Amino acid sequence: MLEKAKDFEDLNDIYTEITDNFQMKTTKNSNQNIKKKKIPSNAPTLESITIDNYLVYYGKNNIQNNYLTLKFASKNDIWFHVQGLQGSHVVLKVNNPDEEISESVLFECAKLAKENSKATTSLNVPVDYCKIKFVKKIPGAKPGMVNYTNYKTIIVK
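The rules behind the values
- Residues numbered from 1 in each chain as written.
- Predicted model: local features only at pLDDT ≥ 70, side-chain atom pairs only at ≥ 80, totals over all residues.
- Heavy atoms only, no water.
- Buried < 20%, exposed > 50% of the residue type's maximum accessible area, 1.4 Å probe, protein only.
- Helix = DSSP H or I, 4+ residues; strand = E, 2+ residues; numbered from the N terminus.
- Pairing = 2+ DSSP bridges.
- Expected span 1.5 Å × (residues − 1).
- Contact = heavy atoms within 4.5 Å.
- Phe/Tyr/Trp six-rings, centres within 6.5 Å; stacked < 30°, edge-to-face > 60°.
- Lys NZ or Arg CZ within 6 Å of the ring centre and 35° of its normal.
- Axes fitted to C-alpha atoms, helices over the stretch in contact; angles between N-to-C directions.

### A word on the pairing of strand β2 (residues 54-58)
Extensive coverage of β2 is indicated by the burial of 4 of its 5 residues. As judged from the 5 bridges shared by strand β1 (residues 47-51) and β2, these two strands associate in the antiparallel manner. Counted as the bridge partner of Ser48 is Tyr57 from β2. What sits between the antiparallel neighbours β1 and β2 is a turn of 2 residues, in which Asp52 has the positive phi angle 50°. With 3 bridges joining them, β2 and strand β4 (residues 90-92) adopt antiparallel strand pairing. Paired with Val56 across the strands is Leu92, a residue of β4.

### Description of helix α3 (residues 103-115)
Look at α3: 18 Å from first C-alpha to last across 13 residues, which is about the 18 Å you get at 1.5 Å a residue. Elements in contact with the buried residues of α3: β1, β2, β3 (78-82), β4, β5 (125-131) and β8 (152-156).

### Let's talk about the packing of aromatic side chains
One pass over the full model with this rule turns up 5 aromatic pairs. Centre to centre, the rings of Tyr148 and Tyr151 are 5.2 Å apart; their planes meet at 75°, and the pair counts as edge-to-face. Residue placement shows Lys93 over the ring face of Phe72; its charged tip is 5.0 Å from the ring centre.

### Some remarks on the sheet that holds β4
Taken together, the 6 strands give an open sheet; going across it, the order is β1-β2-β4-β3-β5-β8, and neighbouring strands pair in antiparallel fashion. Each having just a single partner strand, β1 and β8 make up the two edges of the open sheet. Here the average twist between neighbouring strands, direction ignored, is 25°.

All we've got here are geometric facts, nothing functional implied.
Take a look at the structure:
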């Protein structure tokens, strides 16, 4: 994400993410649990674009990805991520859960996920997508690390 940083705010977000991961403290009790740092009350800034009158948001680092996917998004929004690689979480905001989303909108969201991942210059990149309600935080994992089910895959060239 350092390579994609455009300004000081982007760099500051990356610095915060790195330092927060080093500042996790171990509590002394029978289980040696790790205290997790909570997301600050001032929410991270998210990038957004409009695709065919749909708002699409994406994170530029793990803290933004975590906030976007686990706090900001609604259960019927659609989540996109490049399969098996580091990259941005992309969320398509859905106003009506019964609405049929066109293939072209889904493809553009998948393309955005590819462009903001380690696979940005690769060909034939698989991008998984599913409703947010099928995306779950991995317990004890770093911010932005999730498991997901009930997904479909789009290949982005």
